[in-house]
Every structure is written in structure tokens, then in C-alpha cells.
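# Close look at the chain arrangement
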Amino acid sequence: RQSEFAGLRWEDVDLMAGTALVRRVVYRLGEKIVEKEPKSATPEEVALPEAVVQVLRVVREGQRAIRRALEPCPLGPRCRKASCPHCHELDLVFS
């Protein structure tokens, strides 16, 4: 379902296990982008085909390279904060 994959964040994806947790849906309603919880109360784990895992690895590395090029972390390689938007994936997978 397109709205579920549109809502994926990197924290929801486990490339080692080849799985993704569906925790939210994102869709367009007129001119607005809507983000909400899916109909099911608990996150749904979805198995990802190996070809998708390989593509997601390339996408993640590309996003990291763009982030490093455009917004270098002021702390540089010493940064270890999990909440640092310069160094860690907090964004949507398909942004």
C-alpha cells in the first residue's frame, strides 16, 4: 500500500533483517499532506524482498551523502547524538 510506504522512516526499516514496520501512513488530501496512524492498532512488520533491501541501501547512502554535503554537523566526526539531524536518519525513506 502506497500510503504505508510513503510514511516509512529509516527508524522503521531494518535492512539487516529485511523488514519494515508500518507505524504511520502518509497521503495527499487536496493540497495537504496528511500523516496518521494506520488502521491496525499495532505496527505491522512487512518482509522486504532482497532486491528492495539493496535499493534501500543505495537510497540511504545517497541521502547521507546529500546531508553531509549540504549540512555538515558542527561537531564533525565526534558527534554521537542519536537526535542530531545532521548525522542520523530522522527523515522519511521516500523523501
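For the structure itself, look to the data block above.
Since the structure is predicted, the reported quantities are computational estimates derived from the model, not experimental observations. (Residues numbered from 1 in each chain as written. Predicted model: local features only at pLDDT ≥ 70, side-chain atom pairs only at ≥ 80, totals over all residues. Heavy atoms only, no water.)

### So, the pairing of strand β4 (residues 32–36)
Using the following cut-off: In this analysis, strands are considered paired if DSSP registers two or more bridges between them. Runs of E in the DSSP output that reach at least two residues are strands. Runs of H or I that reach at least four are helices, and both are numbered from the N terminus.
The sheet contact formed by strand β3 (residues 25–29) and β4 spans five bridges and is antiparallel. Bridged to L29 within β4 is K32. Following β3, the chain reverses through two residues before pairing antiparallel with β4; G30 in that reversal takes a positive phi of roughly 70°.

### Describing the pairing of strand β2 (residues 19–22)
Across two bridges, the pairing between strand β1 (residues 13–14) and β2 is antiparallel. Pairing of V13 across the sheet is with A20, part of β2. From the end of β1 to the start of β2, which pair antiparallel, there are four residues, and G18 there has a positive phi angle of about 70°. Across four bridges, β2 lies against strand β5 (residues 44–47) in antiparallel orientation. Looking at β5, one finds that L21 is bridged to E45.

### Concerning the sheet that holds β5
Pairing between the strands of a sheet is mediated by backbone hydrogen bonds and can be parallel or antiparallel. With antiparallel pairing, three strands are arranged side by side in an open sheet as β1-β2-β5. In this open sheet, the two strands that pair with only one neighbour each are β1 and β5.

### Considering the pattern of salt bridges
Inclusion rule: Salt bridges are identified by distance alone: a Lys or Arg side-chain nitrogen within 4 Å of an Asp or Glu carboxyl oxygen. In this scheme, a residue with accessible area under 20% of its type's maximum is buried, one over 50% is exposed, and one in between is partly exposed, where area comes from a 1.4 Å probe on protein chains only.
Scanning the model with the defined rule gives six salt bridges in all. When the shortest N-O distance is used, the salt bridge between R9 and E35 registers 3.4 Å. Taken as a pair, R9 in the loop between α1 (2–6) and β1 and E35 in strand β4 lie far apart in primary sequence, 26 residues in all. Accessibility expressed as a relative area gives 44% for E35, which makes it partly exposed. The closest approach of N and O atoms between D12 and R23, which form a salt bridge, is 2.8 Å. In this pair, D12 is assigned in the loop between α1 and β1 and R23 in the loop between β2 and β3, connecting sequence segments 11 residues apart. With relative accessibility at 3%, the residue D12 sits in the buried group. Salt bridges linked by common partners bring R9, E11, D12, R23, R24 and E35 together as one network.

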